[in-house]
Amino acid sequence: MMPLPRLDRLGVAFLIITIGAAALAPILALVVPHDSAFAMPPYVVALLGKYMCYAILAVALDLVWGYCGILSLGHSAFFALGGYAMGMYLMRQIGARGVYANPVLPDFMVFLNWKELPVAWWGFHSFAYASLMVMLVPGLLAFAFGWFAFRSRVTGVYLSIITQAMTYALKLAFFRNDFGFGGNNGLTDFKDILGFNVQSDATRAALFSLSALALALSYLISRAIVVSKYGKAVIAIRDAESRVRFLGYRVENYKLFIFVVSAVMAGVAGALYVPQVGIINPSEFDPGNSIEAVIWVAVGGRGTLVGAALGAVAVNFAKTYFTGVFPEYWLYALGGLFVLVTLFLPKGLIGLLNLRRPARPTPPTPTPTPSLAQQEEGAR
Amino acid sequence: MPLARLVAVLFFLCCTTVARADAVDDALAKFFDDKFPRTEQAINELAATGAANAPAILDALGDNRLLIDQADHIIVYKTTGDDLINAKTGEKLDGVDAGAFKKVRINNALRSAIEAAMGALTLANPDPQKRAGAAEAVFETRDASALKALEAQLSHESDPHVAELLRQARAAIVVLDSKTPTADRVAAVATLKARGDQDSQSLIDQVANQSDDPAVKAAALDAKAAIKAHLAWLSVLQNLIYGISAASVLLLAAIGLAITFGVMGVINMAHGEMVMLGAYTTFVVQSALPPSLLQWSLAVALPLAFLVSAIVGVAIERLVIRFLYGRPLETLLATWGVSLILQQAVRSLFGANNRQVSAPNFMSGSFDWAGLQITTGRLWIVALAILVFVALQLALRATPFGLRMRAVTQNRRMAAAMGISTGRIDMLAFALGSGVAGVAGVALSQIDNVSPNLGQGYIIDSFMVVVLGGVGNLWGTLLGATVLGVANKLLEPVIGAVLGKILLLVFIILFIQKRPRGLFALKGRAVEA
Amino acid sequence: MSDETKPELTSSLLYLDGVSVSFDGYKALRGLSLALEPGEMRAIIGPNGAGKTTMMDVITGKTRPDEGEVYFEGRHDLTRLDEAEIAELGVGRKFQKPTVFENHTVNDNLLLAAKAPRSVFATLFGGAAAVERETIERILTTTRLTDQRGRLAGALSHGQKQWLEIGMLLAQDPKLLLVDEPVAGMTDAETAATAELLREIARNHSVVVVEHDMAFVRELGVKVTVLHEGSVLAEGSLDQVSADERVIEVYLGR
C-alpha cells in the first residue's frame, strides 16, 4: 500500500486539531454538565459537524482545482449524490413509522400512489450497500463524465461550463417527482441511523466526530496523492499540460483518476452531511453551491489542502454569522469575497501565513494560463 | 351572457330599422294564442325574419319574460332590469303595470326550438365575424336543427370565409346522417378533410367507424389518413415555431457572451445579470412614462437598457476583469461574485418579488396562421434577434472597431504589435457584449418574470450556445442557438423537457469530442507555451 | 503490439512521404517527404512559414496530416497515434520556447521526464528507482545543473531552462530527438556549448534540429534539409545547399 505521506508542520497541526476535535467533542457535548462554560450545546455540535463536511468537500475540490487545474463546478452534484444515497438509507429506516405507515415504501411514494419500490431504491435498507453507493454513484458519474471530457481534451473554462451544465441537468432531473427521489421536497423526516436516533445528542456528537475523522483521513489520502510522483505529474499537467503529454504521460488517465477520487470524497462528505442537517433536496445540486465551494478553497489558499479546509470553515462561519445578524448583506459580502480574494489574495489565508516564514513554497503561483485568444496564436 | 346580448340588441334597436316588419308582425301575432304549436310557429317564423330584435324576444321567451296582453293586443318583454319593452316597436313602456300581462307559456320542446332559432339568427347576423362564430358553434355542437338555417344562409352568403365555415358546419351535420345521399356525404367528408384539424379528425373517425355505406367509409378512411398526416406535419411545424422562438431568445442572451468570450477568452458569469438589468430598465421606463406613452415604452427602453448594461459591463471590465487577464478561471470566480452583488443590489432596490412589465398593444395577443398558433410578442422577439444579429455582423464586418476586434480575437499579441490598443478593444467589446445583453433583457421582460434571478435562468443555456457555436464567428452563435432552441422544442413533446435538456447536454459533451472548440472554431497551428 | 511483429516497410528510423496539412485553406505542408536513418543527426532550416514547426507537430502527433504517410522505425504509423503514445515509442521533443515545469525543482523535472513506467498506478505507488536516480545524477552533470537541483525550475535563467529541457529529453532517453531552435536567445558561449552537447547526444541518438542560426548549423556539421512553403527545397551538406540557386533565391529574395 501507499506509505504514509511525509507531512509538513501545517499538516501535523491540522491532523492534531481534527483528530483532537473528534475526541473532545463527545466529551464536551455529553459528559460536561450543560451549565458549564465548556459545554457544547447541541446546535453547535450540529453546526460544526456541517462545517466538517464542507471542509471535506473543499479538500476534494482543492485536489482537482488546486493541484490539477480542473475548476470543477460539478462537485455540488457529487456531494448531493452522496447525500441522496445516505438519505435513501435513512428513508428506508423510517419503515412503518411514516405518515402512511407503509413498511416498504417511503411516504412520498405512497403519496404518488406508487405500488412498488423502484429498482434504484433496492438494497438501500442495508447500511453497507448504501455506504457503497455513497462512493460508487459519484465515482461512476465522475468516471463517465471525465472519460469523455478529458479524452476530448476539454479544458479550462470549457470544462467548468460543461461540469456546471451537468450539475444543472441533474438538479432538474431530481426536481421531478417521477424521477423517484422525492422531487421538490427531497428526502427528510429521518428517524434513525444504524438503530440510533438521528436527533439525539449522542448520535449528533458521534456524527461530528466521524466527520472530523473523515476530514483527517481525506487530508491524509490527498496529501499522499499530491506528494507522490503521480502528484508531481498532476501539478505538471496543471502548469503545462501538453508538455506532459510529450513526455509520454497519458494526461487523460491522470486527470480521470484524481477527478474520480475527488468525486468520491465529495460524495462521502455529502453522506455525512445529510443525517446532520436532516434533509436532502434538489437545491443541493445548485451550480451556485459548487462555485461557493470553490471560493472556500480560494479563501483558504488553493493547492494547500489545509487551506481549503480552513477556508471552508472560515467562510461558513462568516455565513452563519452574517445570515443571523444582517441577512440582506450576506450576498454582498460573499460576492465581495469572490472579487477581493481573486484580485488581492491569490494564495489565500495560507499564503498570508507563508509570507511571514518563507518555507519551501508549494502553493502555486497563479501561472498565467494562456487565454483562448492566445492559444489560437498562429492560427491562420 | 343574456345581459350582454340584451345590450347588444338594444343598441341595434336604436340604430337600425327593423327588418321586414310585416313578417315580424305576423310572427308575433301567433304568440297571442299562447298555444304550444302556434308558439313554435312563431319562434321559427321570427327566426326566419332575421329581425334585429328577434334574439331579444326569443331570449325573453326562453326566460319566461315574454308577456302578452291579449285584450289590448300588446306584446312586451321584460328586461333583466324589470323594464318593459314593446316587442313590436322596441319602445320602453313607462308606468305600465306588469301585472296586467300574462306570460307566454313554454315547454321543453319549445326551449330547444328557441335555442335552434337563436343559432340560426346569429348565422344570419349582419356582422360576418358573428356569422363565422355561429357557424363554428354549429360545427362543434353538430346541432341538426340548425341545418335549415345553415343552408338558408349558405344560399346567399357573400363572405367566402364565412361560406367555407358554413359548408364545414353543414358537412359536420350531414356526414353522420345516414339519410343523406351518399354523394352528399362523400362531399362532406371531403370538406372535413380540407379543414383537417383535430375536430374534423374525431368526426371522420366516427364516420369511419360507424358508416355502413362503403363509399362513405372509404372516403372517411382516406380522409382519416390524410388528416393524420396533416396534423402530424402541423404539430412538427408548430414545434418548429416554438423552437425558433426559443432560439431567438437564446441568441439574444448568448450573442453578447460570444463577443466577450471570443475577444477576451474569459467567461463573464455576470452576463445573465446584464440581461436582468435590461429587464429592470424596461420596468423603470414603464413606471416613469405616462400611460399615454406606454406604446412607446419598449422603444425608449431598448437604447436605455443597452446603455445601462454597457456602463455596468465596462465598470466590471475596468475594475475587475482587467486585473485578471490571462487567468480565465479566476475571472470566472470574480465575475460570479459580481453577479451575486448585482442580484442582491437589485433585490435591495426593487424587492425580491417579480415586477410587472406590460406589453404594448401591438405586441400582445396571438393569431392563427394556416393552422399554426403564433404569439405576436414572440414574433417581435424573433425580429429583434435578427435585427441585433445583423447589426452586430455589420458592426464587426464594416467598422474599423469591428476590424480591430476581430484582429484581437484571432491573435491578441499580433494585434497589439500592430498598434491596436488591446485594452481599449477589451473595454469596448465588453461594452458591446453587455449592452446587447441589456437589449436581450428588454425582450425577456416580455416573456419572463422580471425578478433578480432572471439572468440565472439563461446563463447556462447561453454558455451551451457559445460552447456549441465556438467563438470568433457570430454565425456559430446563430447556428448554436438555432440548433439548441429547435432541438429542445422538438424533443420536448417526445421525451419531456427535462430529459430533452439532459439529452442535449450529452449531445454537446459528445460533440465536443469531435470539435473541442465548437462549430466555427478558429483552427490552426497553435503554439502552446 | 501488433506493430512490433509487422515487417519493416523501410529501414529509415523516421519516414515521411507526401505529407500535407492545411489550416482553413492555408497549406502549411504540401507533399513533404523526408527520411532519417538510425543514428543520424539532421538539421532542418527554412524561412518563416516553411512548415518546420508543423512538421514537428505531425511527427509528435499534435497535428493529424490531411494526407501522407509518417512511419517510425518502419512499422509504427504515427498518424494514428496520439502524443503520449508517440512519446512512449521513443520520440522526444524540445519546444522552441523552453517549457519546463516551473513549480517543480530541477530534480523533479528530470524525475518526471526519466524513462520509467508512465501508468497512474506506477507513479502513484512507486518511488524513484535507483536506476532513475543514477540517470538523473548523470544528466545533472552533463547539463551542468547539479548545483541547481533543489531550485524551482521557474527560478532558472533562460539558458539554464534550455539546458534543463535538453536534460529532460536525455532523461526520457528517446530513440529520436526533435529539437526546435535550441539556441534561440543564447549567448555565443552558450551556443557553442549547446552545439557540443547536441553532438554528444547524437553519438547514441537520432536527432532532428530545427534552427535559424546558420553559424550554429555549420558548427553541427551535419546533413541539412531546406524547407520552403511546406515541402523540401534542397538537401545535402550546408555548403551544397548554400550553393543551390533556388535556396539563395528563397533566402535572399530575387
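Residues numbered from 1 in each chain as written. Chains lettered and ligands numbered in written order. Predicted model: local features only at pLDDT ≥ 70, side-chain atom pairs only at ≥ 80, totals over all residues. Heavy atoms only, no water.

1. Notes on a nonpolar patch on the surface
Residue and element names in this part refer to chain B.
Moving on, step 1. A contiguous nonpolar surface patch, about 570 Å² in accessible area, is contributed by Leu-293, Trp-296, Val-300, Leu-304, Leu-307 and Ile-311.
Moving on, step 2. Structurally, Leu-293 is set in the loop between helix 12 (271-288) and helix 13 (297-319).
Moving on, step 3. Judged by its relative accessible area of 37%, Leu-293 falls in the partly exposed class. (Patch = residues over 30% accessible without salt bridge, like charges linked within 9 Å, V, L, I, M, F, W, Y side chains within 5 Å. Areas by Shrake-Rupley, 256 points an atom, 1.4 Å probe, with all protein chains shown as cover. Salt bridge = Lys/Arg side-chain N within 4 Å of Asp/Glu carboxyl O. Helix = DSSP H or I, 4+ residues; strand = E, 2+ residues; numbered from the N terminus. Buried < 20%, exposed > 50% of the residue type's maximum accessible area, 1.4 Å probe, protein only.)

2. So, the packing of aromatic side chains
Residues and elements named next belong to chain B.
Moving on, step 1. For the structure on display, the rule yields 35 aromatic pairs over all chains.
Moving on, step 2. Here Phe-283 and Phe-350 contribute two aromatic rings whose centre-to-centre distance is 5.9 Å and whose plane-to-plane angle is 80 degrees, an arrangement assigned as edge-to-face. Taken together, the residues span a long stretch of sequence, with Phe-283 in helix 12 and Phe-350 in helix 14 (residues 328-350) at a distance of 67 residues.
Moving on, step 3. For Phe-283, a relative accessible area of 13% gives the class buried. (Phe/Tyr/Trp six-rings, centres within 6.5 Å; stacked < 30°, edge-to-face > 60°.)

3. Things to note about the packing of helix 8 (residues 229-239) of chain A against helix 4 (residues 106-113) of chain C
Moving on, step 1. Packing of helix 8 of chain A against helix 4 of chain C leaves a shortest axis separation of 10 Å and a crossing angle of 100 degrees. The pairing of helix 8 of chain A with helix 4 of chain C is recorded here as roughly perpendicular in orientation. Here helix 8 of chain A contributes A:Lys229, A:Lys232, A:Ala233 and A:Ala236 to the contact with helix 4 of chain C, which in turn contributes C:Asp108, C:Leu111 and C:Leu112.
Moving on, step 2. Classifying every residue of the contact of helix 8 of chain A with helix 4 of chain C gives four nonpolar, no polar and three charged. (Axes fitted to C-alpha atoms, helices over the stretch in contact; angles between N-to-C directions. Parallel < 35°, antiparallel > 145°, perpendicular 65-115°, else oblique. Contact = heavy atoms within 4.5 Å. Nonpolar A, V, L, I, M, F, W, Y, C, P; charged D, E, K, R; others polar.)

4. So, the sheet that holds strand 7 (residues 176-180) of chain C
Residue and element names in this part refer to chain C.
Moving on, step 1. Reading across from one edge, 6-7-8-3-9-10 is the order of the six strands in this open sheet, with mixed pairing throughout. Single-partner strands in this sheet number two, and they are strand 6 (91-94) and strand 10 (231-236). Ignoring which end each strand starts from, the neighbouring axes of this sheet average 20 degrees apart.
Moving on, step 2. Bridge count between strand 6 and strand 7: four bridges; the pairing is parallel. By the bridge assignment for strand 7, Gly-92 is matched with Leu-177.
Moving on, step 3. Along the sheet, helix 2 (residues 52-59) contacts strand 3 (41-45), strand 6, strand 7, strand 8 (206-210) and strand 9 (223-228); its crossing angle with strand 7, the most-contacted strand, is approximately 150 degrees. (Pairing = 2+ DSSP bridges.)

Read these as layout, nothing more, since geometry by itself doesn't imply function.
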